[in-house]
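# Residue-level structure breakdown
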Amino acid sequence: LLDIDQAVRASIPFDPATTERIFRFGAPDDLEGILVPRLIARLQAEAPKARLVVRHSDFRSLLRVLDDDEADIMLSATPESGIENRHRVNPVYRETFKVLYDAKQLGFEGPLSREQYLTTPQALLSLDGTLKSGLDRTLAKADQKRDVQVAVTHFPTIPHILKSRAMLDNVQGTAAAWFARPHKLEVLEPTVEVP
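Let me sum up the structure you'll find in this document.

Rules behind the numbers
Residues numbered from 1 in each chain as written. Predicted model: local features only at pLDDT ≥ 70, side-chain atom pairs only at ≥ 80, totals over all residues. Heavy atoms only, no water. Axes fitted to C-alpha atoms, helices over the stretch in contact; angles between N-to-C directions. Helix = DSSP H or I, 4+ residues; strand = E, 2+ residues; numbered from the N terminus. Left-handed = near helix turned anticlockwise from the far one by under 90°. Contact = heavy atoms within 4.5 Å. Salt bridge = Lys/Arg side-chain N within 4 Å of Asp/Glu carboxyl O. Buried < 20%, exposed > 50% of the residue type's maximum accessible area, 1.4 Å probe, protein only. Pairing = 2+ DSSP bridges. Arc of directions from axis to C-beta.

## Topic: the packing of helix α2 (residues 29-46) against helix α8 (residues 173-183)
Across the interface, α2 lies against α8 with an axial gap of 9 Å and an inter-helix angle of 65°. Of the two elements, α2 crosses α8, and the hand of that crossing is left-handed. The segment α2 lies against α8, with D30, L31, G33 and I34 engaging T174, A175 and W178.

## Considering the pattern of salt bridges
Under the counting rule described, the total for this entry stands at 8 salt bridges. A salt bridge links E70 to R55; its shortest N-O distance comes to 2.9 Å. Separated by 15 residues along the polypeptide, E70 in the loop between α3 (62-67) and β3 (73-74) and R55 in strand β2 (residues 51-56) bring together distant segments of the chain. A relative accessible area of 25% means that R55 is categorised as partly exposed. Across the pair K98 and E189 runs a salt bridge whose closest N-O atoms are separated by 2.4 Å. Residue K98 is found in strand β4 (residues 97-101), and its partner E189 is found in the segment after β8 (186-188); the two are separated by 91 residues along the sequence. Looking at K98, the relative accessible area reads 17%, which means it is buried. Residues participating in the shared-partner salt-bridge network are R55, R64, D68 and E70.

## Here we look at unusual backbone geometry
Even without being a glycine, D143 presents a positive backbone phi close to 60°. Tracing the backbone shows D143 in the loop between α6 (134-141) and β6 (147-152). Classification of D143 by relative accessible area gives exposed; the value is 73%. Phi at K184 is positive, roughly 55°, even though this residue is not glycine. Classification of K184 by relative accessible area gives exposed; the value is 65%.

## Structural notes on the environment of A180
By secondary structure assignment, the location of A180 is in helix α8. We classify A180 as buried; its relative accessible area is 10%. Expressed as a C-alpha distance, the spacing of A180 and Y101, which sit 79 residues apart in the sequence, is 8.5 Å. Residues contacting A180, with those up to four places away along its chain left out, are L100, L185 and V187.

## A word on the sheet that holds β3
The 3 strands are arranged β2-β1-β3 in an open sheet whose pairing can be described as parallel. If you trace the sheet from one side to the other, it starts and ends with β2 and β3, each paired once. Relative to β2, strand β1 (residues 22-27) is paired through 6 bridges, and the arrangement is parallel. Directly across from R24, in β2, lies its bridge partner V53. Each of β1 and β2 touches α2; the most contacted strand, β2, lies at about 170° to it.

## Notes on the side chain of T19
Inspection of the secondary structure puts T19 in the loop between α1 (2-10) and β1. Relative accessible area serves as the criterion here: at 12%, T19 is assigned to the buried category. Setting aside its immediate chain neighbours within four residues, T19 contacts F14, A47, K49 and A50.

## Focus: α8
Structural remark: α-helix, 3.6 residues per turn; residues separated by three or four positions point the same way. Within the sequence span of α8, burial applies to G173, A175, A176, F179 and A180. Projected onto a plane normal to the axis of α8, the buried residues spread over an arc of 150° and lie on a single side. Among the exposed residues of α8, those oriented more than 90 degrees off its buried face are R181 and P182. Where the residues of α8 are buried, they touch α2, β4, α7 (158-164), β7 (168-172) and β8.

Below you can see the structure in the form of structure tokens.
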């Protein structure tokens, strides 16, 4: 019956001004704070009766959440090759990494040398709880390593760590710019190539 109901409703033209639909949107926490307020404003202007449910999105849960119809659309840092054919993928943009740090905590400003980068304690966003990422595997091939001391699972924790400790972090460029302003953090290009 649900399938029949959805098929009938699908033939009714969508009118944002009158819809009472609940939209379910998945976003990673580094982009949630940037996108959700804008999304709410757009919905209030164009679909005032619609409601919004925001889900956490990451590459580990992405397919399950979509398969279980827990979200209509998911935004995630996901390689195209990792998505199965039953899902439609639309690349939105290509992200680059930046180095984020507090100049007061570290006691220096400006470009970092490769040596400073490798020897400065670092925080790491790690969804699986490991202290290594693709960057560490790349560095290991060049017989180098960095000093990762802390791994956290949520992006919003990172600026608080950087404001309280002499550490730096590799952060996606969009999130780095968003965190830098309110937390008075510095954003630099990485001195190593980040995969």
